[in-house]
Amino acid sequence: MNFNTEKLRDIAAALDPFETGCAVTVALKISDDTCKMGGEQRALFMALYDALPEKSCDLFEDDVSDLIASAREERTEAIVAKITPLREFAMDKITRPKMKAFKADIRKRYAA
């Protein structure tokens, strides 16, 4: 999928720490295939994740990006087993309503 990478870089650069945590959490959800979005939306949010200038956030250790990269290369049971507790922890902290609001806001910003 071709996305406007400049626009995504601008959106990613403007994210606050909470929103960065949301973006990383969505990437985890996509990586372990628990995300219910369709293919184009998944691709958009992974492109946003890729555009993050800094992928570290308060919710995760710095190695979370390595785990996501591994899952993108080959999703194995072992990788999913490592992702699941991280994703569940983050979703408990973020909450569903805030995550839905984050995704809607990103879609709106990208469409603008």
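Below: a short report on this structure. Quick caveat: nothing in here was measured; it's all calculated off a predicted structure.

Another aspect to go through is helix H5 (residues 77-94). Taking 1.5 Å per residue as the helical rise, H5 with its 18 residues ought to reach 26 Å, and the 25 Å between its terminal C-alpha atoms agrees with that figure. Ile79, Ile83, Arg87, Ala90, Met91 and Ile94 are the residues of H5 that are buried. Tucked inside the fold, the buried residues of H5 contact helix H2 (17-31), helix H4 (64-73) and helix H6 (96-111). Two residues or fewer past H5, Thr95 is found with a positive phi of approximately 80 degrees.

Working definition: an aromatic ring pair is given by the centre-to-centre distance plus the angle between the planes. In the structure shown here, the tally under the stated rule is 2 aromatic pairs. On the basis of an interplanar angle of 75 degrees and a centroid distance of 6.0 Å, the ring pair of Phe3 and Tyr110 is categorised as edge-to-face. Of this pair, Phe3 sits in the segment before helix H1 (5-14) while Tyr110 sits in helix H6, and the two are 107 residues apart along the sequence. Comparing Phe3 with Tyr110 shows no difference in burial state: the two are buried.

Before going further, it helps to spend a moment on unusual backbone geometry. One non-glycine residue, Asp33, lies in the positive phi region at around 65 degrees. Along the chain, Asp33 falls in the loop between H2 and helix H3 (39-51). A relative accessible area of 42% places Asp33 in the partly exposed class. Phi is positive for Thr95, which is not a glycine, with a value near 80 degrees.

All right, on to the layout of surface pockets then. Rolling a probe over the atoms, with the probe sized like a water molecule, indicates the empty space that remains. Its volume calculated, the largest pocket comes out at about 260 Å³. Along its surface, the largest pocket is lined by Lys29, Thr34, Cys35, Lys36, Met37, Arg87, Met91, Arg96, Met99, Lys100 and Lys103. Counting residues per element, the ones that place at least two in the lining of the largest pocket are H5 and H6. Here the element with the most residues in the lining of the largest pocket is H6; it accounts for 4 residues. For the lining of the largest pocket, the per-class residue count stands at 4 nonpolar, 1 polar and 6 charged.

Right, let's talk about the side chain of Thr25 for a bit. Looking at the secondary structure, you find Thr25 in helix H2. When near neighbours in sequence (up to four residues on either side) are disregarded, Thr25 contacts Leu59, Phe60, Ala90, Met91, Ile94 and Met99.

A separate point is the pattern of salt bridges. Side chains that carry opposite charge are capable of pairing whenever their charged atoms lie near each other. Taken as a whole and judged by the stated rule, the model has 5 salt bridges. Among the ionic pairs, Arg87 bridges to Asp32, the shortest N-O distance being 2.6 Å. Here Arg87, found in helix H5, pairs with Asp32, found in the loop between H2 and H3; they are 55 residues apart in sequence, far enough to count as distant. Here Arg87 and Asp32 have matching classes, each one buried. Here Arg72 ties to Asp50 by a salt bridge, and the two come within 2.6 Å at their closest N and O atoms. With a gap of 22 residues between them, Arg72 in helix H4 and Asp50 in helix H3 connect regions that are remote in the sequence. Residue classification places Arg72 among the partly exposed residues on the basis of a relative accessible area of 43%.

How each quantity is defined
- Residues numbered from 1 in each chain as written.
- Predicted model: local features only at pLDDT ≥ 70, side-chain atom pairs only at ≥ 80, totals over all residues.
- Heavy atoms only, no water.
- Helix = DSSP H or I, 4+ residues; strand = E, 2+ residues; numbered from the N terminus.
- Expected span 1.5 Å × (residues − 1).
- Buried < 20%, exposed > 50% of the residue type's maximum accessible area, 1.4 Å probe, protein only.
- Contact = heavy atoms within 4.5 Å.
- Phe/Tyr/Trp six-rings, centres within 6.5 Å; stacked < 30°, edge-to-face > 60°.
- 1 Å grid on protein atoms, 1.4 Å probe; cavity = no way out; pocket = protein on both sides within 12 Å on 5 of 7 lines; lining within 4 Å.
- Points joined across faces, edges and corners; volume = space filled by probe spheres on them.
- Nonpolar A, V, L, I, M, F, W, Y, C, P; charged D, E, K, R; others polar.
- Salt bridge = Lys/Arg side-chain N within 4 Å of Asp/Glu carboxyl O.

By themselves, these are just geometric observations and shouldn't be taken as functional.
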